[in-house]
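Structural overview for review
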Amino acid sequence: MAHHELHFLQRSGWLRAAVLGANDGIISTASLLMGVAAAGTNHETLLMTGIAGLVAGALSMAAGEYVSVSSQTDIEQADLAREAAELKDNPESELRELTGIYIQRGLSPELARQVAQALSQHDSLAAHARDELGLHDNNQAQPLQAALASALAFSSGALLPLMTAWLAPHSQAQTWLTLSTLPFLGLLGMVSARTGGAKVWKSVSRVVLWGALALAATALIGRWFGVTP
C-alpha cells in the first residue's frame with residue numbers, strides 16, 4: 001500500500017508570497033496611517049492616505065514578485081537548456097556525472113551506475129534537473145502565481161488597518177491602530193506557522209516585534225514633522 005505523508009514544502013512558493021504580502025500590507029499600511037495620524041491630519045486625509053497606500057503597495061508587491069520570480073524562471077530555463085545540450089552532446093559524460101552524485105549520497109559505485117542508467121533511460125533531463133540542478137516541481141518558480149498571491153495578500157492585509165482607521169474616532173486613531181494591528185499580526189503569524197508546519201510562538205513573536213517597531217517609528221516621525229502645533 002502507498003504511504004502518504006504530510007509535507008509542507010510544496011506550499012513554500014505561494015505561502016512565502018502570501019505571508020510576505022499580508023505582512024507588508026498590515027505593517028506598511030498601519031505604519032503609514034499611524035504616522036499620518038500622529039502628524040495631526042484630518043480624517044479624510046488619513047483615509048485617502050490609507051487607500052493610496054493599499055493600491056500602491058499591492059501593485060508594487062505584484063510587480064516586484066513578478067519581476068523577481070521571472071528572473072528566477074529565466075535562470076532555471078537557461079540551466080535546463082544547457083543541461084539538455086550537454087545530454088545531447090556528451091551523454092556518457094553526463095551519465096558519469098549523475099553516477100558520481102549518487103555515489104556521494106552513499107550508494108556503491110555499481111548501484112549508483114545502475115540507478116543513473118535507469119533514471120536516464122526513463123527521463124535523463126528530469127533526473128539531472130532534480131539531482132544535479134536541484135529543481136523540483138514543488139519549488140519551480142511561478143511568476144504569475146507569486147504576483148497575484150502577493151497583490152491579493154497585501155490588499156487583504158492592508159484592509160485591516162484601513163477599516164480600523166475608518167471606524168475609529170479620529171482622536172483615538174493611533175490607539176485603535178495599535179490595539180488592532182498587533183493582534184492582526186499575531187494572527188497572521190499563527191496562520192502562517194500552522195500552514196507551514198512551523199513553531200507558532202516563533203512566527204508570532206517575530207511579526208509582532210517588527211510590527212511594533214514600525215508603528216513606533218512612524219508615530220515618532222509623524223509627531224516630529226506634524227502639521228499641527
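From a predicted model like this one, the values you see are computed outputs, not experimental measurements.

Quick look at the side chain of threonine 29 now. Of note, threonine 29 is situated in helix 1 (residues 12-38). With relative accessibility at 2%, the residue threonine 29 sits in the buried group. Those residues in contact with threonine 29 that sit more than four places away from it in its chain are Asp24, Gly50, Phe154, Ala158 and Pro161.

Between helix 2 (residues 43-89) and helix 5 (residues 143-167), the shortest axis-to-axis distance is 8 Å and the interhelical angle comes to 165°. As the angle between them shows, helix 2 and helix 5 are arranged roughly antiparallel. By crossing handedness, the relation of helix 2 to helix 5 is classed as right-handed. Residues belonging to the contact of helix 2 with helix 5 are distributed by class as follows: 20 nonpolar, 8 polar and 1 charged.

Bringing the environment of threonine 218 into the picture now. Positionally, threonine 218 belongs in helix 7 (residues 200-224). For threonine 218, a relative accessible area of 22% translates into the label partly exposed. Ignoring anything within four residues of it in the chain, the contact list for threonine 218 reads Ser31, Met34 and Gly35.

Rules used throughout
Residues numbered from 1 in each chain as written. Predicted model: local features only at pLDDT ≥ 70, side-chain atom pairs only at ≥ 80, totals over all residues. Heavy atoms only, no water. Helix = DSSP H or I, 4+ residues; strand = E, 2+ residues; numbered from the N terminus. Buried < 20%, exposed > 50% of the residue type's maximum accessible area, 1.4 Å probe, protein only. Contact = heavy atoms within 4.5 Å. Axes fitted to C-alpha atoms, helices over the stretch in contact; angles between N-to-C directions. Parallel < 35°, antiparallel > 145°, perpendicular 65-115°, else oblique. Left-handed = near helix turned anticlockwise from the far one by under 90°. Nonpolar A, V, L, I, M, F, W, Y, C, P; charged D, E, K, R; others polar.

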